[in-house]
Amino acid sequence: MQRLPGIINIYYVLASSLMASITQKALADAPVGVFADTFLIPHIGDAICEMETQFDNNDTLEKVKLSFSTTSQLPAHEHLAFVIQTGDGKQYLIGTADKPYPVIKVADSTGKVDGDSAATKYTISYTNKVALVPCTA
């Protein structure tokens, strides 16, 4: 399992606004740009992104899991994709304009008595031939 170092920014983008054929471009090592509106998600604490590779029927699949907490509400009823930026300036796209879309799991928590605000924990799961696509946004 691979873990990305130091996520400093997380953005969401409507999957329908992404260009087509992102997976094919990533498989061909072609540059992928996100030419759509991105929306910053202010996260609380550390965000974690892990990726593992699975081998099935002579095919390779990547599975990504992104976890973070925020006081913002995401439009989880929409098909979303996510852009993460690491401390070393690299950006990665999770999701494409086509199925399969990232699965969004939502868990609410209340704030602590000493003044912490209530937060929502999001866990994003995504599986594709290339699930963590290097990109520029």
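What this report covers is the structure whose coordinates are included nearby.

Conventions adopted
- Residues numbered from 1 in each chain as written.
- Predicted model: local features only at pLDDT ≥ 70, side-chain atom pairs only at ≥ 80, totals over all residues.
- Heavy atoms only, no water.
- Helix = DSSP H or I, 4+ residues; strand = E, 2+ residues; numbered from the N terminus.
- Buried < 20%, exposed > 50% of the residue type's maximum accessible area, 1.4 Å probe, protein only.
- Patch = residues over 30% accessible without salt bridge, like charges linked within 9 Å, V, L, I, M, F, W, Y side chains within 5 Å.
- Areas by Shrake-Rupley, 256 points an atom, 1.4 Å probe, with all protein chains shown as cover.
- Salt bridge = Lys/Arg side-chain N within 4 Å of Asp/Glu carboxyl O.
- Lys, Arg positive; Asp, Glu negative; His and termini not counted.
- Charge placed at Lys NZ, Arg CZ, Asp CG, Glu CD.
- Core = buried A, V, L, I, M, F, W, Y, C linked by side-chain atoms within 4.5 Å.
- Contact = heavy atoms within 4.5 Å.

## Comments concerning unusual backbone geometry
- Following Lys99, the chain continues into Pro100 via a peptide bond in cis, with omega recorded as 0 degrees.
- Position of Pro100 relative to the elements: it lies in the loop between β7 (91-94) and β8 (103-109).
- With phi around 60 degrees, Asp29 is a residue other than glycine that occupies positive phi space.
- For Asp29, the position within the fold is in the loop between α1 (22-27) and β3 (39-40).
- Classification of Asp29 as exposed rests on a relative accessible area of 71%.

## Details of a positive patch on the surface
- Taken together, the side chains of Lys63, Lys65, Lys105 and Lys121 define a basic patch exposed on the protein surface.
- Along the polypeptide, Lys63 turns up in strand β5 (residues 59-70).
- For Lys63, a relative accessible area of 34% corresponds to the partly exposed category.

## Points about the nonpolar core
- In terms of nonpolar packing, the biggest core is built from 22 residues, with Cys49, Leu66, Phe68, Phe82, Ile84, Ile94 and Leu132 touching the most fellow members.
- The set of elements that each furnish at least two residues to this core consists of β2 (7-14), β4 (43-56), β5, β6 (80-86), β7 and β9 (119-128).
- Excluding anything up to four places from it in sequence, Leu66 contacts Ile7, Ile10, Ile48, Cys49, Phe82, Ile84, Ile94, Tyr122, Thr123 and Ile124.
- Ala36, Leu93, Ala97 and Val133 belong to the second largest nonpolar core, which has 15 residues in total.

## Considering the environment of Ala97
- Along the chain, Ala97 falls in the loop between β7 and β8.
- Between the C-alpha atoms of Ala97 and Phe68, which are 29 residues apart in sequence, the distance is 23 Å.

## Re the environment of Leu80
- With respect to the secondary-structure elements, Leu80 resides in strand β6.
- Measuring from C-alpha to C-alpha, the distance between Leu80 and Val13 comes to 5.7 Å, with 67 residues separating the pair along the chain.
- Once residues lying within four places of it in the same chain are set aside, the contact partners of Leu80 are Tyr12, Val13, Leu14, Ala15, Leu74, Pro75, Pro102 and Ile104.

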